[in-house]
There are 2 protein chains.
Amino acid sequence: MKITIDKKNKAPIYVQIKGEIKRMIYSRELEPFELLPSERKLAEELGVNRSTVLNAYRELKAEGLIDSHIGQGTQVMPVLNDVGKDEVQQSFPISWQHMLSQEALRSQDTSIIDMMKGNSKDKLISFAAGIAAPELYPIESFEAIASIFHEHTYEPFLHTPVEGLYSFREAICKLMERKRINKVPEEVMVLSGSQQGLDLLARNYLDVGDTVIVEEPTYLGAIQIFKAVGAKVIGVPVHNEGIRMDILETLIIKHKPKFIYSMPTFQNPSGRVMDLAHRLKLLELSYAYQVPIIEDDAYSELRYEGDEIPSLKTLDKKGNVLYLNTFSKCLFPGLRIGWLCAPITVIKQLSMKKQLMDLHANSLGQRLILDYLNMSKLEHHLSNVIKVYRNRRDIMISMLNKYAPEGVRWTVPEGGFYIWCEIPETINTRSLWMRAIDAGVTYVPGEAFFTSKQGQNFIRLNFSFPSIDEIKRGVQILMKVVEESLEVTNRLSSDNKVEVNPMF
Amino acid sequence: MKITIDKKNKAPIYVQIKGEIKRMIYSRELEPFELLPSERKLAEELGVNRSTVLNAYRELKAEGLIDSHIGQGTQVMPVLNDVGKDEVQQSFPISWQHMLSQEALRSQDTSIIDMMKGNSKDKLISFAAGIAAPELYPIESFEAIASIFHEHTYEPFLHTPVEGLYSFREAICKLMERKRINKVPEEVMVLSGSQQGLDLLARNYLDVGDTVIVEEPTYLGAIQIFKAVGAKVIGVPVHNEGIRMDILETLIIKHKPKFIYSMPTFQNPSGRVMDLAHRLKLLELSYAYQVPIIEDDAYSELRYEGDEIPSLKTLDKKGNVLYLNTFSKCLFPGLRIGWLCAPITVIKQLSMKKQLMDLHANSLGQRLILDYLNMSKLEHHLSNVIKVYRNRRDIMISMLNKYAPEGVRWTVPEGGFYIWCEIPETINTRSLWMRAIDAGVTYVPGEAFFTSKQGQNFIRLNFSFPSIDEIKRGVQILMKVVEESLEVTNRLSSDNKVEVNPMF
């Protein structure tokens, strides 16, 4: 009989001994009529006073679990009710795979997990991340705010309303005014990252078989979320100025989509900006066919050149645009704070679901960012990071200019985090990725951003996360890998120029 | 023409003017061939230099959006592509109600939102909350930890892996060792509150029409989550020592449930503890019929008397128990940090879904609690709050003893947050609740904790949140309301003792 006691535990030792023996009796580690060690022996073994063991045995006796007879020692009594008596016959483990729901079976893609693993700066040079440069996080401002722990007493540790802290929603409204989005706090819901906003919208409005139209390429997390709830996700090609509107209208008529998901400014992954004319046309289609638009505006603060174009939400006069944004790209991602701006009806409907999902976004994160916004330091921070990111983009572009082999093309984005790079179709991109990782560089393969097998000849390169040195070395390495792959492919294709003789 | 410029905006004034005019042209606020004000006039109006307006007009001209002819002034040019030309005919708003998914339609219960509103200490004395006493939050310890902002540089603001910070999962394992749950970090997933754990499990394993068996009464959030994903939720009555095992076995055979959801220790709302024999029997049924158990262990640290009983997870030898816990009850709820302990296969399957829901739980909260745990202060904090809560419970009980009218019964829980109170069935509990709120006290009506219309003669009283003074005043007020309602009912029922004469 092996009893473990913990002298630092607040429960008295005799209670611990009693509890252990009780457990062993019920779990059949001690069989009925098995002999317990004598009080003296057990006390010695455990290094405790004999009276401690005595107390434990006395209480166990009082509960009828053990009994002692002179000359026979102390015995385990058969537990009176028949519980636990029968041996469990079935010993095979539960098949968790067969437990999976339909939704889970549609969610088996690990791309995002893989990408997030690529965030560590350990060994690889990562162009795969989608995150702001950590060395630029305005920690010093937050150090000042941290007095929150002293000043605000317990509010930052309590629940907030499901929709978020009201004062924070007011601050978000003020922030959106800079984009000429003039809304009231009741039209804002704080989210555990804008990722949750997509999930919340999907669960609240999409049934199996519903259709969502997305730009193609587009944010892979959005594609996955819509597919996970069983929606049909249809891509409409993006060209330089925005969505192909003629195709979009045809698709709307044919598929009657529940939503159009769009990232009009510094689109992830293409970096493209939809021009004003296309934005107005998109809204017109939304009004005409009664299809709401989910506008994902995560990157718009990060403009390195060119004129600001009003967001869809700014231009929207009828409440058709559900506007998602986040603090993850302009500040940092770890606090998991994003928001949705939408008609009050929508906010109310979503809060029914949100209460069940996680009650509300974390209070401390809301309060920290609220205090930061009230310090009016965001603008200054943005102008800082914009300078840095612009420089990193320019360096990545100049390295591409210098080292990219013929046939490789790329965008020069006016803002955001990504360069969208097209490589000759002859290259096997899956093996390219493996080679790149072997050589010390990673990125996100283009096919992740398409609704179906496409985009194999694209790669997404992030320039916000890596350092200048990493960009320089990384692009050189990567382009060398591309060049070598091209050479191999060319050699193979010239080898393959043999005539094909039919078998008969 | 009304142009707004923002001198604090980082964009040059001429760019702002240009952008505004461009927007007005595309949105048809300015009609084709409409005259713009002269450069001089606009400059005066806006209080800017004339050359600023000149620059804006020059760029607009270059883009073909305006043109100027001597003697005619500056005119808006018709926009070349036909975008935005057609008037939008349909002006009716989107019917968001008709947009709702099946899942959303099953999630229209606002009970939790209502309860969370009842958390404010403003006017009502609230026995409705389910939260730890804010005045006991160990803020002073966290003040020390807040040096995190300085020390840890940017890690607490970055992403963590989907499953949570590895070092935090290690600390959670150490915490669970105190309950003799010996697991590795890979078997732990950090959640945005244990509420999210229920949602995650529901989405990952339940399809429409699946069955879940719950104790009855039980946590209302669990009932709602299971129902929201379309599961059939069947309640099995709880008596003093735990679930009625005979009924449970019959239900398992009949309904082949996907899960059994149980809160064996200090059950919410009943406060009851399942004894060891029942726990072992429950596991036996789980093994025999291959039904996993979701064990919700949120309250077990808060024991005011009696011996600790091993958790189901502690007793489980086959990995059938999925164990949920949270820091919300023993510390504070605002950080939204809970965890699941489950077989590695389950953790892997769930992380596929979690990445789409919100990527991961907030990093800062994880880090703060990790540092707190490493300071070994939790045990001391718990012994503090246990003293306070035990006292509050005792006072609430003594007030009930003193003021409860005949026919009112209640539990004396050995731990947790709640007293479960039964009032005579003659009382109309919906009107009782309204009367109580009018009188200044709120609680949660019992029916919220049942899967179907039942429990109207129960109320849940929380004693962790209100102060001693509030408990004293609140119970007096509430019992007076009950007494008055009883008098009214008795009077009505004696009035009703008239003979009923059939109409013919």
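The rules behind these values
- Residues numbered from 1 in each chain as written.
- Chains lettered and ligands numbered in written order.
- Predicted model: local features only at pLDDT ≥ 70, side-chain atom pairs only at ≥ 80, totals over all residues.
- Heavy atoms only, no water.
- Salt bridge = Lys/Arg side-chain N within 4 Å of Asp/Glu carboxyl O.
- Helix = DSSP H or I, 4+ residues; strand = E, 2+ residues; numbered from the N terminus.
- Buried < 20%, exposed > 50% of the residue type's maximum accessible area, 1.4 Å probe, protein only.
- Arc of directions from axis to C-beta.
- Pairing = 2+ DSSP bridges.
- Contact = heavy atoms within 4.5 Å.
- Axes fitted to C-alpha atoms, helices over the stretch in contact; angles between N-to-C directions.
- Polar contact = N/O pair within 3.5 Å; in protein donor to acceptor, adjacent residues only side chain to side chain.
- Core = buried A, V, L, I, M, F, W, Y, C linked by side-chain atoms within 4.5 Å.
- Disulfide = S-S within 2.5 Å.
- Parallel < 35°, antiparallel > 145°, perpendicular 65-115°, else oblique.
- Left-handed = near helix turned anticlockwise from the far one by under 90°.
- Least-squares fit on C-alpha atoms with pLDDT ≥ 70 in both.
- Buried area = accessible area lost by both parts, 1.4 Å probe.
- pLDDT = per-residue confidence, 0-100.
- Phe/Tyr/Trp six-rings, centres within 6.5 Å; stacked < 30°, edge-to-face > 60°.
- Lys NZ or Arg CZ within 6 Å of the ring centre and 35° of its normal.

Considerations on the pattern of salt bridges
Residues and elements named next belong to chain A.
Here's step 1: One pass over the structure, following the stated rule, counts 48 salt bridges over all chains.
Here's step 2: Linking Lys281 and Glu284 is a salt bridge whose minimum nitrogen-to-oxygen distance equals 3.5 Å. With Lys281 and Glu284 both in helix α13 (residues 276-289) and 3 residues apart, the pair spans about one turn of that helix.
Here's step 3: Judged by its relative accessible area of 15%, Lys281 is buried.

Points about helix α18 (residues 429-439) of chain B
All names here are of chain B.
Here's step 1: Within the span of α18, buried status applies to Thr429, Leu432, Trp433 and Ala436. In an axial view of α18, the angular spread of the buried residues amounts to 100°, which keeps them on one side of the axis.
Here's step 2: Looking one or two residues past α18, Gly440 carries a phi angle of roughly 110°, positive in sign.

Description of the sheet that holds strand β10 (residues 293-296) of chain B
Strand pairing in a sheet relies on backbone hydrogen bonds, with the paired strands running either antiparallel or parallel.
Residue and element names in this part refer to chain B.
Here's step 1: Taking strand neighbours across the sheet as the criterion, the 8 strands line up as β5-β12-β11-β10-β9-β6-β7-β8 in an open arrangement whose pairing is mixed. At either margin of the open sheet sits one strand with a lone partner, and together these are β5 (188-191) and β8 (242-243).
Here's step 2: Its contacts with the sheet put helix α10 (residues 194-205) on β5, β9 (259-262), β10, β11 (321-326) and β12 (338-341), and the angle it makes with β11 is roughly 150°.

Considering the environment of Ser68 of chain A
Residues and elements named next belong to chain A.
Here's step 1: Structurally, Ser68 can be placed in strand β2 (residues 66-69).
Here's step 2: Sequence separation of Ser68 and Leu35 is 33 residues, and the distance between their C-alpha atoms is 9.4 Å.
Here's step 3: Beyond its immediate chain neighbours, meaning those up to four positions away, Ser68 contacts Lys61, Gly73 and Thr74.
Here's step 4: A polar contact is formed between the side chain of Ser68 and the side chain of Lys61, at a distance of 2.8 Å.

Considering the nonpolar core
Here's step 1: Among the nonpolar cores identified, the biggest contains 250 residues, and Phe149, Phe226 and Phe327 of chain A together with Phe149, Phe226 and Phe327 of chain B are the most heavily contacted of them.
Here's step 2: For Phe149 of chain A, the residues in contact, after removing those within four places along its chain, are Phe157 and Leu364 of chain A together with Ile139, Phe142, Glu143, Ala146, Phe149 and Leu368 of chain B.

Some points on the sheet that holds strand β1 (residues 35-36) of chain B
Residues and elements named next belong to chain B.
Here's step 1: Pairing is antiparallel in the open sheet, where 3 strands are placed in the order β1-β3-β2. At either end of the open sheet lies a strand with only one pairing partner, and these are β1 and β2 (66-69).
Here's step 2: Where β1 and strand β3 (residues 73-76) come together, 2 bridges link them in antiparallel fashion. Opposite Leu35, over in β3, you have Gln75 as the bridge partner.
Here's step 3: Here helix α3 (residues 50-62) sits on the sheet and contacts β1, β2 and β3; the angle it forms with β2, its principal contact strand, is near 105°.

Quick notes on the pairing of strand β3 (residues 73-76) of chain A
Here's step 1: Taken together, the 4 bridges between β2 of chain A and β3 of chain A define a ladder with antiparallel strand orientation. Following the sheet pairing, Ile66 of chain A is matched in β3 of chain A by Val76 of chain A.

Points about the state of the cysteines
Two cysteines whose sulfur atoms are joined by a covalent bond form what is called a disulfide.
Here's step 1: Tallied over the full model, the rule gives 0 disulfides over all chains.
Here's step 2: No disulfide involves Cys173 of chain A; its nearest neighbouring cysteine sulfur is the one of Cys341 of chain A, lying 6.6 Å away.
Here's step 3: In this structure Cys330 of chain B is a free cysteine whose sulfur lies 16 Å from that of Cys341 of chain B, the closest cysteine sulfur available.

Some points on the packing of α10 of chain B against helix α11 (residues 220-228) of chain B
Two measures define how a pair of helices packs: the angle their axes make with one another and the distance between the axes.
Residue and element names in this part refer to chain B.
Here's step 1: Interaxial distance between α10 and α11 falls to 9 Å at its minimum, and their mutual angle equals 25°. Here α10 is positioned roughly parallel relative to α11, judged by the angle of their axes. Classified by chirality, the crossing of α11 by α10 is right-handed. Contacts from Gln195, Leu198, Asp199 and Ala202 in α10 reach Gly221, Ala222, Ile225 and Phe226 in α11.

Points about the relation of the copies chain A and chain B
Here's step 1: At an RMSD of 0.2 Å, chain A and chain B line up after a rotation of 180° and a shift of 0.1 Å along the axis. As the rotation angle and translation indicate, the two copies are arranged about a two-fold axis. Rotation axis and chain A: the residue whose C-alpha lies nearest the axis is Ala146 of chain A, separated from it by 3.1 Å.
Here's step 2: Residue by residue, 100% of the interface of chain A is reproduced at the interface of chain B, so both copies engage with the same surface.

Observations regarding the interface of chain A and chain B
Here's step 1: Counting residues at the interface gives 114 residues for chain A, matched by 114 residues for chain B.
Here's step 2: Interface area for chain A against chain B, summed over the two sides, is near 10300 Å², with a carbon-plus-sulfur share of 63%.
Here's step 3: On the chain A side of the contact with chain B, Trp96, Phe157 and Leu356 of chain A bury the most area, a combined 8% of that side's loss.
Here's step 4: Inspection of the region where chain A meets chain B yields 10 salt bridges.

Overview of the confidence of the model for chain A
Residues and elements named next belong to chain A.
Here's step 1: With 92% of its residues at a pLDDT of at least 70, chain A reaches an overall mean of 88.
Here's step 2: Under a pLDDT of 50 for its full length, residues 80-90 has, in the predicted model, 17 contacts with residues more than four places off or in other chains.
Here's step 3: Here residues 498-504 is modelled with pLDDT under 50, and outside its nearest four sequence neighbours on either side it reaches 0 contacts, counting other chains as well.

Description of the packing of aromatic side chains
In this description, an aromatic ring pair is defined by two values, namely the gap between the centres and the angle between the planes.
Here's step 1: Taken as a whole and judged by the stated rule, the model has 40 aromatic pairs over all chains.
Here's step 2: Judged by centre distance (6.2 Å) and plane angle (55°), the rings of Phe142 of chain A and Phe157 of chain B are tilted. Placement of Phe142 of chain A in helix α7 (residues 139-145) and of Phe157 of chain B in the loop between α8 (148-151) and α9 (166-177) is noted, with the two residues assigned to different chains.
Here's step 3: On the accessibility criterion, Phe142 of chain A (0% relative accessible area) is buried.
Here's step 4: Ring geometry for Phe332 of chain A against Phe157 of chain B: centres 4.6 Å apart, planes inclined by 40°, an arrangement best described as tilted. One end of the pair, Phe332 of chain A, is in the loop between β11 (321-326) and β12 (338-341); the other, Phe157 of chain B, is in the loop between α8 and α9, on a second chain. Summarising the burial analysis for this pair, Phe332 of chain A and Phe157 of chain B share the class buried.
Here's step 5: These aromatic residues form a ring-pair network of at least three members: Tyr137, Phe142, Phe332 and Tyr372 of chain A together with Tyr154 and Phe157 of chain B.
Here's step 6: One residue, Lys318 of chain A, lies across the ring of Tyr287 of chain A, its end atom 5.3 Å from the ring centre.

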